[in-house]
Amino acid sequence: MPVSRPAIVSRLHQDPLFRSLTDEELESLASLMSYREYPKGAFILTKNDESSAVYMLISGRVKISVASPEGRELALNYLEAPGYFGDMGAAEGDMRAADVIATTDVELLIIEERDLEHVFRIQPRLAITLIATLSERLRELVVRLEGMAFHDATHRVMRVMLNVSTASYESRGVPVIEGLTHYEIATLAGTSRETASRVVSNLAREGVVATKGRKIVVDLFALRDLVEKD
């Protein structure tokens, strides 16, 4: 569904990264971006795609994952708006290394690689943000590899829950896991859904987490203590 340039400007103005720009600068940025919607379950990117664009997630949530030839899936990350993906492909100019799948209906703004230099001149902080995003994802990958090499499935599930709830607390002030099923927690931890469900149930019995509808409310201090002691 196409949207007008003023609508793109309005969406940019809602992002803290672009809020300080002038109307003229926002108009210039909007002229370099395209808008796209994807329904839940749609593949936005697939492994080995040659796309080199940067995607700004302005609403919804996506899953970044890889799958084996036998169909086994490893979720690398879940991203919620506002966020960015595709930055690695744009930096390397190479084929995509993972699938990106909409886990809800999503809205995206897309910047083609050829326009990035112009966009960076208008808002240099975007380049810094993308570099920081790459660094953060590399750190997360190292932590996950360390967990898979040195820790059992219970520890990995608790670590995923701690990371997600901590990010929620830092961004919204509430330590909750929202929008992630036990299966999705399991894929992030590299284990089975049954294992993830068992860990969540055990934590609930110990009073470390509490399930409220589709939310898991986490006692950050108690869960951090368990992760550090394990």
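Residues numbered from 1 in each chain as written. Predicted model: local features only at pLDDT ≥ 70, side-chain atom pairs only at ≥ 80, totals over all residues. Heavy atoms only, no water.

### Quick notes on the pairing of strand 11 (residues 215-218)
- Side chains Ile-216 and Val-218 of strand 11 all project onto a buried face; the interleaved residues Lys-215 and Val-217 project onto a face where none is buried.
- Where strand 9 (residues 176-178) meets strand 11, three bridges bridge the pair, whose relative direction is antiparallel. Bridge pairing links Ile-177 to Ile-216 in strand 11.
- When strand 10 (residues 209-212) meets strand 11, the two strands line up antiparallel, connected through four bridges. The residue of strand 11 that forms the bridge with Lys-212 is Lys-215.
- In sequence, strand 10 turns back onto strand 11 through a hairpin of two residues, with Gly-213 there showing a positive phi of about 65°. (Buried < 20%, exposed > 50% of the residue type's maximum accessible area, 1.4 Å probe, protein only. Helix = DSSP H or I, 4+ residues; strand = E, 2+ residues; numbered from the N terminus. Pairing = 2+ DSSP bridges.)

### Things to note about the sheet that holds strand 9
- Taking strand neighbours across the sheet as the criterion, the three strands line up as 9-11-10 in an open arrangement whose pairing is antiparallel. In the strand order of this sheet, the two ends are held by strand 9 and strand 10, each with one partner. Recorded for the sheet is a direction-independent mean angle of 20° between the axes of neighbouring strands.
- Packing of helix 6 (residues 153-172) onto the sheet brings it into contact with strand 9, strand 10 and strand 11, and relative to strand 9 it is tilted by some 100°. (Axes fitted to C-alpha atoms, helices over the stretch in contact; angles between N-to-C directions. Contact = heavy atoms within 4.5 Å.)

### Looking at the pairing of strand 4 (residues 61-67)
- Counted residue by residue, strand 4 has five buried out of seven residues, so it is predominantly covered.
- Sheet analysis places strand 4 next to strand 5 (residues 73-80), joined by seven bridges and oriented antiparallel. From the neighbouring strand, Val-62 faces strand 5, where its bridge partner is Leu-79.
- Turn length for the strand 4-strand 5 hairpin, with the two strands adjacent in sequence and antiparallel, is five residues, and the turn residue Gly-71 shows positive phi of about 95°.
- Relative to strand 7 (residues 99-102), strand 4 runs antiparallel, the two being bridged by four bridges. If you follow Ser-65 over to strand 7, its bridge partner there is Asp-99.

### Considering the layout of surface pockets
- A volume near 160 Å³ is recorded for the second largest pocket.
- Every residue lining the second largest pocket is listed: Arg-72, Glu-73, Leu-74, Tyr-183, Ala-186, Thr-187, Gly-190, Thr-191, Ser-192 and Arg-193.
- Taken together, the elements giving at least two residues each to the lining of the second largest pocket come down to strand 5 and helix 7 (182-189).
- At three residues, the largest contribution of residues to the lining of the second largest pocket is made by helix 7.
- Taken together, the residues of the lining of the second largest pocket sort by class into three nonpolar, four polar and three charged. (1 Å grid on protein atoms, 1.4 Å probe; cavity = no way out; pocket = protein on both sides within 12 Å on 5 of 7 lines; lining within 4 Å. Points joined across faces, edges and corners; volume = space filled by probe spheres on them. Nonpolar A, V, L, I, M, F, W, Y, C, P; charged D, E, K, R; others polar.)

### Quick notes on unusual backbone geometry
- Of note, the amide linkage connecting Ala-81 to Pro-82 takes the cis form, showing an omega dihedral of -5°.
- Within the secondary structure layout, Pro-82 lies in the loop between strand 5 and strand 6 (83-85).

### What to know about the side chain of Gln-123
- Tracing the chain through its elements places Gln-123 in the loop between helix 4 (113-122) and helix 5 (124-150).
- Gln-123 sits in the buried class, given a relative accessible area of 4%.
- With near-sequence residues (within four places) excluded, Gln-123 lies in contact with Leu-17, Phe-18, Ser-20 and Leu-21.

### Details of the sheet that holds strand 4
- The four strands are arranged 2-7-4-5 in an open sheet whose pairing can be described as antiparallel. Of all strands in the sheet, those bounded by a partner on one side alone are strand 2 (43-45) and strand 5. With direction set aside, neighbouring strand axes in the sheet form an average angle of 30°.
- Along the sheet, helix 7 makes contact with strand 4 and strand 5, crossing strand 5 at roughly 110°.

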